[in-house]
Amino acid sequence: MKALAARRHHRSAPVVLLLLALLVTGGLYAALVPSSAGAAEATARDIEYGSELFQANCATCHGMNAEGTQDAPSLIGVGAASVDFQVSTGRMPMEANGPQALAKPPQLTDEQVAALAAYVASLGYGPAIPTAEQVDPAEGDPANGMQLFRTNCAMCHNAVGAGGALSEGKFAPALWDSTPTVIYEAMVTGPQAMPVFNDANLTPEEKRDVISYILAQRDGSPGGIELGALGPVSEGMWAWIVGIGLLVACSVWIGAKSS
Amino acid sequence: MTDHNSSTDLTPRGGGDGRLPARFTDPGHAPHKLRRADVDPDANKRAERQVVLLFGVSILGTIGFLVAYALVRPGETIGSMRLSNLLLGLGLFLGMFGIGAAAVHWAKTLMNDHEVSQERHTLISSPETRAAAVQDLKDGAADSSIGRRGVLKGAMVSALALAPLSIAVPLIGEVGEDWDISKFGRTIWAKGVRLAQDPSGRPIRAAEVTIGSAFHVIPDNLEEFEHPLDEKAKAIVLMVRMDPRDLKEAPGREGWSYEGIVAYSKVCTHVGCPVALYEQQTHHLLCPCHQSTFDLADGAKVVFGPANRPLPQLPISVDDEGYLVAQSDFLEPVGPSYWERLK
């Protein structure tokens, strides 16, 4: 690494970097494009497998043909993104009725989620699962993402994505562990209490900026310990109990007579 | 050691028969106890070493601060900023706290600890002095003959009363160049102004607003104004679309929405926080400050919390090109309920 660092100002360094970048871009393109073509080939088999999974795991509430029942909404037209969000985060299949479906360890494997998503996507047109490039935080602009996050997201999800309370037991979850794909899917599908942010509201580039901002918050705060980034409650506890406690201890020590 | 009888000294020195004594006496100081450092030379030496140690902590802290300032600069990464802040703060803390703790420890263990009483006399002046002061005032009033010269008294009172105006009038006059307070009841929304997205300023087409969407909206003409941020603060709007079958519209407001798209002021009617926590399934809008909850499906009626009137609704429609536009300004003042007085 030292040798590399020493030569970073070398005259040919930009050329080498450019070549590397081209190689990586080309490699990613080659890796991604055939895979989507492969997905198209596998669709028929996936859909059949997904249909079986649906009958076993989802049909009790969502109906035999995903048409919805009085307990659960219709899934026709919700798209693959919605299935991937709900099932890969473990929110569905739902454990118990409550104010909202909670995230838990996923109940299906990645292949099963993909098959289920392909089945539900085959029922009607809906948002697709985003590509790796669409959610790549390195390509987003975190500064623009911050403006968008503050306007559209921060009131529920907290200024740095630490989450917050809503009404009647519902809450906006913390975003510390959410993958970029899941964040994108949540924006585009509007799960549960969350509103939909379609591509006219936040363009795909703006969604990537938002993801870039959220991921930048995971490096922590320059001020030190964040105390959960929850604002006055945790910071106030710290200031009143630890801070004032130390001041009281100092006062007692100053006032006590030396033995 | 003093011998005066203070009226504030309430230590009873009774005869032990349960009755209060006729008078209280000053018990004086408790007997002076020598500290270990006073009697034991080793303890004295140890206390001195402790004070030196505390000063040493301060010296090390200050040197540490300077070293950190010179060598550990905040860089591009959050981690380097955090490390720099931590070391600077720690050095500063040790540098200051060491001096303070050393001074206190020095005074407590090594300096003399004999109690000293300060005598106090009563604060009130003697009756003679007070009577003389009152007499001086009376003599002065008689000498000025203010009681007889009525015009002179009036002139003096007028001059004294008017003099502060030379300070007060400019102060109050400079508070605002414009005393037209009715403008606080209006916003820059007007007939035909397009609804644009905050912060990008893109105008919004009705077809782009899918069911379940929440758009944060500013007027399209915002940048034309001299103080766009001031205007934005009043004019911000939350626009959502719901299934038109869920929408209950009050008589007279049927034409204010567009195919399930409704737009409401984002300024809470309680104390003016931006109220924007929209739950798309219940159509409830929650204010983060005091939990006022508004039902957007039912005219933004207050369903919970301290707000006492619904959010003002912005009447909207669609122009020839399919963009959402305002039909007019809000028909009532936005913001906290103070403005109900103007209605």
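Note that this is a predicted model, so its numbers are computed, not measured.

Q: Describe the overall build of chain B, with residues and values.
A: Summing up its helical and strand segments, chain B has seven helices and ten strands in all. For chain B, the C-alpha radius of gyration of 38 Å lies well beyond 20 Å, the compact-globule estimate for 343 residues. When the backbone C-alpha atoms are referred to their principal axes, chain B occupies close to 100 × 80 × 55 Å. For chain B, with 343 residues in total, the buried portion stands at 32%.

Q: If you had to explain the overall build of chain A to someone new, which residues and values would you point to?
A: Looking only at helices and strands, one finds ten helices and two strands in chain A. Helices and strands in chain A line up, N terminus first, as α-α-α-α-α-α-α-β-β-α-α-α. The C-alpha radius of gyration of chain A comes to 24 Å, more than 25% above the 18 Å expected for a compact globule of 259 residues. A buried classification covers 37% of the 259 residues belonging to chain A. Restricting to contacts in chain A with at least 6 residues of sequence separation, those with at least 24 account for 61%.

Q: Pulling in residues and values, what's your account of empty space enclosed by the protein?
A: A complete count under the given rule lists two cavities of 30 Å³ or more for this structure. Its boundaries defined by the atoms lining it, the largest cavity holds a volume of some 50 Å³. If you trace the largest cavity, you find it lined by B:Leu247, B:Lys248, B:Glu249, B:Ala250, B:Arg253, B:Val262, B:Tyr264, B:Leu296, B:Ala297, B:Gly299 and B:Gln313. Here the lining of the largest cavity is built from residues that sort into six nonpolar, two polar and three charged. Its volume calculated, the second largest cavity comes out at about 30 Å³. Contributing to the lining of the second largest cavity are A:Leu148, A:Asn152, A:Asn201, A:Leu202, A:Glu206, B:Gln197, B:Asp198, B:Pro199, B:Ser200 and B:Arg202.

Q: Lay out the pairing of strand β8 (residues 301–304) of chain B in plain terms, naming residues and giving numbers.
A: All names here are of chain B. As paired elements, strand β7 (residues 293–295) and β8 share three bridges and run antiparallel to each other. Bridge pairing in β8 links aspartate 295 to lysine 301. Connecting β7 to the antiparallel partner β8 that follows it, the hairpin turn spans five residues, and glycine 299 within it adopts a positive phi of roughly 65°.

Q: With reference to specific residues and values, describe the packing of helix α8 (residues 180–189) of chain A against helix α9 (residues 204–216) of chain A.
A: Relative placement of two packed helices is described by the angle separating their axes and the distance separating the axes. Residue and element names in this part refer to chain A. As a packed pair, α8 and α9 sit with axes 10 Å apart at the nearest point and diverge in direction by 130°. By the angle between their directions, the pair α8 and α9 is classed as oblique. Judged by the twist between their axes, the crossing of α8 over α9 is right-handed. Here α8 contributes Pro180, Ile183, Tyr184, Met187 and Val188 to the contact with α9, which in turn contributes Pro204, Lys207, Val210, Ile211, Ile214 and Leu215.

Scoring rules and cut-offs
- Residues numbered from 1 in each chain as written.
- Chains lettered and ligands numbered in written order.
- Predicted model: local features only at pLDDT ≥ 70, side-chain atom pairs only at ≥ 80, totals over all residues.
- Heavy atoms only, no water.
- Helix = DSSP H or I, 4+ residues; strand = E, 2+ residues; numbered from the N terminus.
- Rg over C-alpha atoms; globule rule 2.2 N^0.38 Å.
- Buried < 20%, exposed > 50% of the residue type's maximum accessible area, 1.4 Å probe, protein only.
- Contact = heavy atoms within 4.5 Å.
- 1 Å grid on protein atoms, 1.4 Å probe; cavity = no way out; pocket = protein on both sides within 12 Å on 5 of 7 lines; lining within 4 Å.
- Points joined across faces, edges and corners; volume = space filled by probe spheres on them.
- Nonpolar A, V, L, I, M, F, W, Y, C, P; charged D, E, K, R; others polar.
- Pairing = 2+ DSSP bridges.
- Axes fitted to C-alpha atoms, helices over the stretch in contact; angles between N-to-C directions.
- Parallel < 35°, antiparallel > 145°, perpendicular 65-115°, else oblique.
- Left-handed = near helix turned anticlockwise from the far one by under 90°.

Without other data, these values stay purely geometric and don't point to any function.
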